[in-house]
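Below are the chains, spelled out letter by letter.
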Amino acid sequence: MEQEIALSKSAGARRADDGVRPVGGGLRFQILGPLRFWRDGVEVNAGPRQQCRLLALLLARAGRPISVHTLIELLWGEEAPASAVNVIHKYVGTLRRLMEPSLPPRATGSYLRRHGGGYLFAPGPGTLDLVTFRELTGTARASLAVRDRDEALDRYVEALELWRGPAGDSYASGTAATPIFTALDREFLAACVSAAELAVSLSRPAVVLHHLRLAASMAPLNEPVQASLIAALGAAGHQAEALETFRSVRSRLADDLGIDPGSALEAAHLQVLTQTAPPVTGNGAGDGDPRPSMPLVSMPLVRPAQLPPDLPAFVGRTAELATLAGLHGGRADAGRTGPLIVALDGMGGVGKSTLAGHFAHLVARDFTDGQLYLDLRGDQAESDSLSASDALGSLLSSQGFHMSSVPETLAARVGIYRSLTAGKSLLLLLDNARDAAQVRALLPNSPACLVLVTSRKPLVELAALDGARLLHLDPPDMPTARELIQRRLEHAPNRSLRASASPVGVLDEIIELCGRLPLAMAILAGRLSARPRLALADVAAELRDGTRRLAAFASSHGGCDPRAAFAWSYRQLSPQAARVFRLSSAAMAPGISAEALASMAETPPRVARAMLRELADAAMLDEDDEGRFTSHVLIRAYALELLLAEEPDRDAAVSRLLQHYLHSSYHAATRLAPMSPTIVPTPAPDGVVVGRPGSYDEAMRWFEDHREVLPEAVRRAAEGAFGVSPWQLALAIVPWFQLTGRFHDWQDMMRVALRSARDSGDEVGAAHAMRGLADSCYYFANYDEALDLLSRARETFAEHGMIPELGDVHAAAQRIHGQLGQHERALAENERALSLYRAAGIEHGEIRAAAARGRSLVRLGALGEAMSCLTEALARSEKSDRRTDEPAIRIVIAECLGLLGCQRQARDQLEQAVEAAVESQSRIGVFEASALLCAALLDLDDVPGACRAWRRACDAMHAMQNGGTRTMRDEVCDLGVRLNQVTDLVPRSRDTQR
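Asker: Lay out unusual backbone geometry in plain terms, naming residues and giving numbers.
Answerer: Even without being glycine, R317 reaches a positive phi, approximately 60°. Within the secondary structure layout, R317 lies in the loop between helix 11 (263-274) and helix 12 (318-329). Backbone geometry places R516, a non-glycine residue, at a positive phi of 55°. Relative to the helices and strands, R516 is located in the loop between helix 20 (504-513) and helix 21 (518-530). Take R516: its relative accessible area is 24%, and that puts it in the partly exposed class.

Asker: Talk me through the pattern of salt bridges; I want residue IDs and the actual numbers.
Answerer: When the charged atoms of two side chains with opposite charge come close together, those side chains can pair. One pass over the structure, following the stated rule, counts 42 salt bridges. For R434, the salt bridge is made with D435, and the minimal N-O distance between the two is 3.5 Å. Given the relative accessible area of 23%, R434 is considered partly exposed. The partner of E886 in a salt bridge is R890, with the nearest N and O atoms 2.7 Å apart. Of the two residues, E886 and R890 both sit in helix 39 (residues 886-899), 4 residues apart, roughly one turn of that helix. Accessibility classification places E886 together with R890 in one group, the buried group.

Asker: Explain the sheet that holds strand 11 (residues 469-472) to me, and be specific about the residues and the numbers.
Answerer: Spatially, 5 strands are ordered 8-9-10-7-11 in an open sheet, and the strand pairing comes out parallel. With partners counted over all chains shown, the strands left at the sheet margins are strand 8 (371-375) and strand 11, one partner each. Taken over all neighbouring pairs, the strand axes of this sheet differ in orientation by 15° on average, direction set aside. When strand 9 (residues 427-433) meets strand 10 (residues 450-455), the two strands line up parallel, connected through 5 bridges. Counted as the bridge partner of L430 is V453 from strand 10.

Asker: Help me get a handle on the sheet that holds strand 3 (residues 42-44), residues and values and all.
Answerer: Two modes of strand pairing occur in sheets, parallel and antiparallel, and in both the strands are linked by backbone hydrogen bonds. Ordered by their spatial adjacency, 3 strands build an open sheet running 1-2-3, and the pairing between neighbours is antiparallel. Every interior strand has two partners, whereas the edge strands, strand 1 (27-30) and strand 3, have only one. The mean angle between the axes of side-by-side strands here comes to 30°, regardless of whether they run parallel or antiparallel. In terms of strand pairing, strand 2 (residues 36-39) meets strand 3 through 3 bridges, oriented antiparallel. If you follow F37 over to strand 3, its bridge partner there is V44.

Asker: Describe the packing of helix 12 against helix 13 (residues 352-363), listing the residues and the values that go with them.
Answerer: Their axes nearest at 11 Å, the elements helix 12 and helix 13 cross at an angle of 45°. The angle between helix 12 and helix 13 falls in the class oblique. The way helix 12 lies across helix 13 gives a crossing that is right-handed. Contact residues: E320, L321, L324, A325 and H328 in helix 12; L355, H358, F359, L362 and V363 in helix 13.

Asker: Give a detailed account of a nonpolar patch on the surface, specifying residues and quantitative values.
Answerer: On the surface, a nonpolar cluster with roughly 230 Å² of combined accessible area is contributed by L221, L257 and I259. Note that I259 resides in the loop between helix 10 (239-257) and helix 11. Residue classification places I259 among the partly exposed residues on the basis of a relative accessible area of 37%.

Asker: I'd like to hear about helix 42 (residues 943-959), residue by residue, with values.
Answerer: Relative to the 24 Å expected for 17 residues at 1.5 Å per residue, helix 42 spans 24 Å between its end C-alpha atoms, a close match to the ideal helical length. Those residues of helix 42 lying buried are G945, A946, C947, A949, W950, A953, C954, A956 and M957. In this fold, the buried residues of helix 42 make contact with helix 41 (923-939) and helix 43 (966-980). Measuring from the backbone nitrogen of G945 back to the side-chain oxygen at the start of helix 42 gives 3.0 Å, which picks out D942 as the cap.

Asker: I'd like a description of the nonpolar core, backed by residues and values.
Answerer: Membership of the largest hydrophobic core comes to 198 residues, with the highest contact counts inside it found for F553 and F581. When residues in this core are grouped by element, the largest group, 11 residues, is from helix 41. If we skip the residues at most four places from it in the chain, F553 touches C514, A520, I523, L524, L543, D561, P562 and L634. One finds L130, C192, V200 and A227 within the second-largest nonpolar core, a separate group that totals 84 residues.

Asker: Please give an account of the side chain of R890 that cites residues and values.
Answerer: Its relative accessible area of 6% is what places R890 among the buried residues. Only 2.9 Å separates the side chain of R890 from the side chain of Q909, close enough to count as a polar contact. At 3.3 Å, the side chain of R890 and the side chain of Q912 are in polar contact. Once residues within four sequence positions are removed from consideration, R890 is found in contact with L874, E878, Q909, Q912 and A913.

Asker: For the side chain of D775, give the residues involved together with the corresponding values.
Answerer: When you line up the elements, D775 lands in helix 33 (residues 763-779). The class of D775 is buried, set by a relative accessible area of 12%. With near-sequence residues (within four places) excluded, D775 lies in contact with W746, A812 and R815.

Conventions we followed
Residues numbered from 1 in each chain as written. Predicted model: local features only at pLDDT ≥ 70, side-chain atom pairs only at ≥ 80, totals over all residues. Heavy atoms only, no water. Helix = DSSP H or I, 4+ residues; strand = E, 2+ residues; numbered from the N terminus. Buried < 20%, exposed > 50% of the residue type's maximum accessible area, 1.4 Å probe, protein only. Salt bridge = Lys/Arg side-chain N within 4 Å of Asp/Glu carboxyl O. Pairing = 2+ DSSP bridges. Axes fitted to C-alpha atoms, helices over the stretch in contact; angles between N-to-C directions. Parallel < 35°, antiparallel > 145°, perpendicular 65-115°, else oblique. Left-handed = near helix turned anticlockwise from the far one by under 90°. Contact = heavy atoms within 4.5 Å. Patch = residues over 30% accessible without salt bridge, like charges linked within 9 Å, V, L, I, M, F, W, Y side chains within 5 Å. Areas by Shrake-Rupley, 256 points an atom, 1.4 Å probe, with all protein chains shown as cover. Expected span 1.5 Å × (residues − 1). Polar contact = N/O pair within 3.5 Å; in protein donor to acceptor, adjacent residues only side chain to side chain. Core = buried A, V, L, I, M, F, W, Y, C linked by side-chain atoms within 4.5 Å.

See below:
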């Protein structure tokens with residue numbers, strides 16, 4: 001319903017045919033003017049004003065996270081309500097559903113992502129006009145760097161076409177967020193000025209007039225913009241309009257500011273009066289302003305150009321380059337008082353230095369006073385890293401100072417350096433910074449400068465104190481990684497033909513085993529170049545062994561390789577964080593929670609979280625949107641090496657981890673369904689942190705967050721003597737599997753548990769596993785195997801006098817016999833189950849047995865007795881405060897009412913069954929009730945309602961593991977055939993089986 005409200009049926013929705021031109025399908029966003037967005041070519045109403053303002057902020061900061069605290073300040077300021085945090089979470093959830101209607105509940109999605117304590121908008125290619133604008137202006141500047149001025153102008157004009165007014169429109173005014181949108185407008189104004197200078201110098205002024213008029217209306221007192229408009233008007237032959245514009249600007253300046261026109265306006269006015277062209281600057285982008293001379297020293301004859309050579313095989317990083325280009329485009333901000341600082345951070349080997357160097361080469365010609373480079377060696381031991389004083393000595397030398405004249409004190413060197421760089425246009429690349437303190441003394445004293453810094457850690461202090469922009473780098477995506485390694489191999493003699501002949505899957509496997517880390521891929525490409533006969537399949541086989549994976553990249557001279565890069569970061573950790581890092585390699589899934597790591601380390605959760613923050617800052621671990629901690633595949637291999645070498649009690653740590661999963665699963669399971677007393681685990685050992693969900697919903701969420709690790713935990717428990725019974729852990733997970741339809745994991749897990757119990761001689765555990773396995777076999781229609789398993793489990797339970805478990809066996813047998821049409825035998829099994837539950841005082845067992853008894857009586861035609869039994873079961877279920885039994889009971893009541901000819905009452909019961917199943921998050925219940933409701937509505941000639949019920953059944957089935965069971969798919973297809981006979985709304989194929 002939300003997506004229908006948001007699309008064309010809503011009052012605010014309209015087709016994107018008014019000139020905005022969203023291209024193709026998917027999502028398109030506009031922030032450069034009125035805030036708008038489209039999905040699949042149809043404009044979407046973004047919701048109430050405050051929600052739109054939140055969306056505008058996220059779009060304006062695309063690719064960069066904004067903390068929830070900052071969002072509250074920007075949206076409400078000091079008048080923020082107490083519920084502000086919840087309101088923001090609600091808005092984000094609504095926006096996610098508007099962007100991706102098919103997104104599962106609580107899923108992050110592709111665009112609005114959780115990032116630490118806030119959110120970021122992650123635009124895809126061509127999704128956001130702001131990103132496209134920055135890409136185009138960056139391309140324009142790159143074209144200028146190679147003297148292709150016509151191409152530069154074309155790209156500037158294409159970028160300016162995207163603007164339709166002040167960024168964010170009305171959502172930008174009147175709040176603390178105004179400066180963010182004003183900064184975007186300044187990017188437009190700067191691009192207009194640069195484009196105007198190019199257009200006039202190339203005798204093409206007409207192509208920018210429209211955009212200059214818009215810029216002039218947005219910034220009536222901006223002299224460079226007004227001067228550019230006047231010059232372009234004059235060059236285009238509109239002298240009268242140009243002169244009138246000058247008179248209007250002069251009057252506004254006098255009336256509003258009490259000042260006369262500046263030199264730029266006067267020069268443009270004179271140009272119009274004399275009909276002369278302006279002098280062409282060196283790059284055609286407005287960088288020809290005179291710079292004050294430096295009286296302190298004589299400058300070197302050669303302008304410094306110290307950048308390392310650019311990487312010839314550079315590929316990818318399109319989004320990062322666009323971000324850097326956008327930041328560089330805002331460097332001309334008239335309000336800037338200091339240099340533009342961009343600090344790139346990320347794990348060792350991710351390509352920070354390569355990206356910084358590549359971008360520096362793209363924009364180097366914009367800096368008339370040269371480019372400086374320093375390797376601060378922050379990735380070395382502290383004694384080997386470059387001190388701020390030594391770094392300043394090197395920078396002063398590059399500026400023409402003789403080292404003999406450089407004072408020794410840091411303060412004196414800082415003073416001279418700041419004096420030398422005042423008013424200059426310099427590009428400074430500071431590579432491998434250790435921390436912000438190492439960098440701060442090296443910042444030039446000029447707003448015309450750009451400082452690029454690379455560091456393993458995010459330089460938060462540099463951002464807080466000096467306004468640095470932080471840019472985090474992750475490994476590239478698969479297409480970029482594939483292009484990176486293929487391009488290197490193409491230049492290798494005798495290798496390119498062999499590489500192209502290799503299966504694509506082998507190369508992709510190698511890339512994934514490298515974790516797409518650029519350093520690792522470059523080293524492997526070098527190995528392959530040096531050894532032309534080395535087959536890619538052999539390299540892949542070598543990398544598959546996680547314990548020896550890093551050996552494939554080892555340098556014989558102890559140089560730069562992934563292990564060396566990780567070792568430096570590891571040495572910076574505190575002893576406690578280093579131990580948590582080692583233990584993280586024993587995680588049984590890609591992500592692990594803080595509580596699980598705290599259990600492994602025998603550390604209180606508060607202390608463990610501090611250690612995890614330290615590891616995240618060091619780029620050794622990363623926290624995902626669900627609060628789990630993950631590590632890069634090669635970093636995990638490094639942690640595993642350390643675990644095997646330095647952690648003697650690793651088996652004890654794994655045991656504590658399994659105890660954490662066992663006890664947490666048990667406590668979560670008790671919120672979903674009553675558990676047998678024999679399944680209660682012994683108390684958790686000291687140091688194990690136990691998750692205790694406080695509600696049904698929290699328990700469902702806990703299981704969902706651990707869906708990948710729990711089956712693996714059962715398998716791991718079965719592999720060794722860790723003090724955790726696999727069958728206990730498996731049975732604790734079963735209630736969630738049953739509700740969510742994870743049938744295949746359920747069956748696999750119970751077979752592992754059964755095999756382990758038999759191998760260890762645990763008869764009772766084996767009986768429990770057989771009963772759990774039989775329940776899973778029921779859903780796959782493996783009835784013979786299920787009955788055999790139940791028969792053997794019954795013998796063990798009877799031998800040990802386990803009354804509730806015997807009741808469960810007979811109840812399971814009744815379901816199977818009923819499914820086989822053996823209703824008399826099913827009723828006999830039910831009698832035994834009911835008497836056993838009553839003897840043991842198991843109320844929930846009695847309720848389920850009563851409902852099952854009603855089902856058998858319905859099938860035997862005893863409808864009156866069945867209705868009495870079912871009504872009692874429903875009443876007891878409602879009193880028990882557990883709605884998990886309600887859907888099944890109402891389904892049988894509906895069947896009974898249908899046989900009694902009460903079709904409409906049967907429909908009402910099925911609708912209530914669907915509602916109860918949705919509330920209890922039971923996918924099986926939603927499927928069964930919706931499928932039966934579809935059939936009932938068809939019998940009542942309610943075709944639209946039947947279609948809705950059919951689609952709900954399909955959605956529930958597809959949400960299950962592997963799309964449900966074959967029986968379910970056949971049932972949906974049969975209903976589809978019936979619907980096809982009366983409507984064309986259902987696809988005429990068996991696509992639902994996919």
